Amino acid sequence: MSTASSRRTFLGAGGALAGAFALSSIAPGANAAPSGTTRTPHRVITPGSEQYEDLLQGTNLRWKGAAQRIAFPTTTDEVAQELRTVLGLNLRPSARSGGHCYEGFVANGDIKAIIDLAAMDQVRWDPEMKAFEVGAGAQLGLVYQLLYKQWGVYAPAGNCPTVGAGGHIAGGGYGSMNRRDGLVVDHLLAVEAVHVRADGTVAVSRGTRDPRDPHHELWWAHTGGGGGNFGIATRYWLRSPSASGDQPENALPSPPRHVWLSTVAWDWASIDEAAFTRLLNNHGRWHETHSAPGTPEAKLFAQLKTWHRSNGSITMDTIVDAATPDATGVLDRYLAAVSAGVPAPKVVQHRLVPWLQATQWSGFTGPDSTRRFKGKSAYLRRSYTPEAISAAYRGLNDPAISNPTALLMIASYGGAVNQVSTVATAVPQRDSIIKFQVVSIWDNPEDDDANVAWTRTTYRNMFSTTGGVPAPNENADGAFVNYADVDLNDRAWNTSGQNAFQLYYKDNLPRLKRARATYDPKGVFTHAQSIPLA
């Protein structure tokens, strides 16, 4: 690890942040090649390169970019070097980690230079920071494997193993262990970012969670402020606030040793509107009753997938920490509560597996990278309203679309997530119990209009009395920034009077605006939902 021109040791909440850098910029050489070696110039793909056409798209094939330069730096220094080059060529830049953006924020005609962080995929113990360093390009599946195989720890991040850490962490990502151990940003110690100052010079800064750190706001902005707002995050350091000592085995939580996996399925042919209403009411009531932190039920996470009727089934995938007291009882009572008064589901699987194997379980992983999709999200503080259930049923039975992979994907939330203050991180939704999205997934471009229209209409109808969006009230609590949705800024689909930024960030928006004004005052990194500059 490189040495900056000065160091400070902070004693912050949760223990010492040894070696935490607090400089206006990191000295040249940050994350550089070891002394005495020759650095290989990072690779740059241009329109004449064999890989060029394939690299213009991310996971969502609805979007195809027009970048003239796609670079793959391997260090923070190289990211800074590439950004200087791009700005010197007067090209508009964007960063990409895993390429899973829901909208065309990177793959669009305005972005002429992509700085792709895929080569920055390191996962290692940093003894100076007493934390795990994770490169912004590291895919979550790799992060889980390396942390667990070498040190027996994990970070409570997302379920899809191909998602990149860069955007996932910046947006306050969540996953199947969030009720047990909180969000991944609740364990974020520090972040390093390459950004552009007001005078146009490129800088590298590092911020920590210690409030006395001059770059504390850089850290805070990356705990849910979303990607493409504050420069290019290149490295994260993970260490739990409650961790103590110098040993890596104590720096992050240990995952469950084993988990119970369950999948059940209801035949759509046996589900009428009354049964569907009962199913969602049961599901919502269980989460209202069983989302307290630290309870056995907080060790359970589920995804209820109400597929379009053309699929033939409604499914529910559930995972429970097997070390939970009466773990199988917790699971059985959950399944019984959700199924009460509804035609009995078929048990597709019920098995005990090691935790690392469960991170690859198809029940929770996302769509492959050769598909098209549109998603719209909501946080719920309470169970579904009658309006939402009725609209969901109509949408899922809409004969105008016949797509077996159109659905409501409903995830458990709450538990340890709700122990954290709304201002401790940039994620303000800290008393929600359910997070879901209306999403459609398809293959052919000619089906774009029908699927996008179905997703938009179903979502709008679910929240019709609040302007077509989950405006914060006693039932709902806004939308999830990592499920980016440009419709939230479109009055054709949002008449609530609250724009996307208010739905994503709520009262944290002014502070995020100040952070953006500090770290991207010239608006170098701009997309359709960039936090506004004051």
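Residues numbered from 1 in each chain as written. Predicted model: local features only at pLDDT ≥ 70, side-chain atom pairs only at ≥ 80, totals over all residues. Heavy atoms only, no water.

Asks: What is the right way to look at the sheet that holds strand E9 (residues 188–196) in this model?
Replies: Strand pairs in the sheet, formed through backbone hydrogen bonds, run parallel or antiparallel to each other. Sheet architecture is open: 5 strands sit in the order E7-E8-E11-E9-E10, paired in antiparallel fashion. Both edges of this open sheet fall to strand E7 (123–126) and strand E10 (202–208), since each of them pairs with a single strand only. Strand-to-strand twist of the sheet, defined as the mean angle between neighbouring strand axes without regard to direction, takes the value 20 degrees. One ladder, built from 6 bridges, connects E9 with strand E11 (residues 232–238); its direction is antiparallel. Bridging across to E11, Val 194 finds its partner in Ile 232. Across the face of the sheet, helix H1 (residues 76–88) comes into contact with E9, E10 and E11 while running at roughly 25 degrees to E9. (Pairing = 2+ DSSP bridges. Helix = DSSP H or I, 4+ residues; strand = E, 2+ residues; numbered from the N terminus. Axes fitted to C-alpha atoms, helices over the stretch in contact; angles between N-to-C directions. Contact = heavy atoms within 4.5 Å.)

Asks: Could you clarify how one ought to interpret the UniProt feature "domain: FAD-binding PCMH-type" (unreviewed entry) in the protein chain in this entry?
Replies: The sites that UniProt annotates as "domain: FAD-binding PCMH-type" (unreviewed entry) are residues 63–243. A distance of 42 Å separates the end C-alpha atoms of residues 63–243, which is 23% helix and 24% strand. (UniProt positions renumbered as here; feature names shortened; annotations may be inferred.)

Asks: Mind showing me how you'd approach the packing of aromatic side chains here?
Replies: Centre distance and the angle of the planes are the two values used to describe a pair of aromatic rings. Counting across every chain of the model gives 22 aromatic pairs. Where Tyr 174 meets Tyr 483, the ring centres are 6.5 Å apart and the plane angle is 70 degrees; that geometry is what we call edge-to-face. Here Tyr 483 lies in the loop between helix H10 (448–462) and helix H11 (500–505) and Tyr 174 lies in the loop between helix H3 (165–170) and helix H4 (178–181), a separation of 309 residues in the sequence. When its relative accessible area of 10% is taken as the criterion, Tyr 174 is described as buried. (Phe/Tyr/Trp six-rings, centres within 6.5 Å; stacked < 30°, edge-to-face > 60°. Buried < 20%, exposed > 50% of the residue type's maximum accessible area, 1.4 Å probe, protein only.)

Asks: Explain the environment of Asn 178 here, please?
Replies: Within the fold, Asn 178 resides in helix H4. For the pair formed by Asn 178 and Val 417, sequence separation is 239 residues and the distance between their alpha carbons is 6.3 Å. When neighbours within four sequence positions are excluded, Asn 178 is seen to be in contact with Leu 183, Phe 301, Ser 412, Tyr 413, Gly 414, Ala 416 and Val 417.

Asks: In this structure, what is going on with the packing of helix H6 (residues 273–289) against helix H7 (residues 327–339)? I would like to understand it.
Replies: Pairs of packed helices are described in terms of their axes, by the angle between the two and the distance that separates them. Relative orientation of the contacting elements H6 and H7 amounts to 140 degrees, with a least axis distance of 7 Å. On the basis of their axis angle, the class for H6 and H7 is oblique. Along the contact surface, H6 presents Leu 279, Asn 282, His 283, Trp 286 and His 287, while H7 presents Tyr 334, Ala 337, Val 338 and Ser 339. Class assignment of the residues belonging to the contact of H6 with H7 gives a composition of 5 nonpolar, 4 polar and no charged. (Parallel < 35°, antiparallel > 145°, perpendicular 65-115°, else oblique. Nonpolar A, V, L, I, M, F, W, Y, C, P; charged D, E, K, R; others polar.)

Asks: Hey, could you run me through the sheet that holds strand E14 (residues 313–321) in this one?
Replies: In spatial order, the strands read E15-E12-E14-E13-E17-E18-E16; together these 7 strands make up an open sheet with antiparallel pairing. The open sheet terminates on both sides in strands that have one partner only, identified here as strand E15 (346–354) and strand E16 (372–380). On average, each strand axis in the sheet is tilted by 15 degrees relative to the strand beside it, whichever way the strands run. Packed on one face of the sheet, helix H9 (residues 386–396) meets strand E13 (300–307) and strand E17 (406–412) and runs near 140 degrees to E17.

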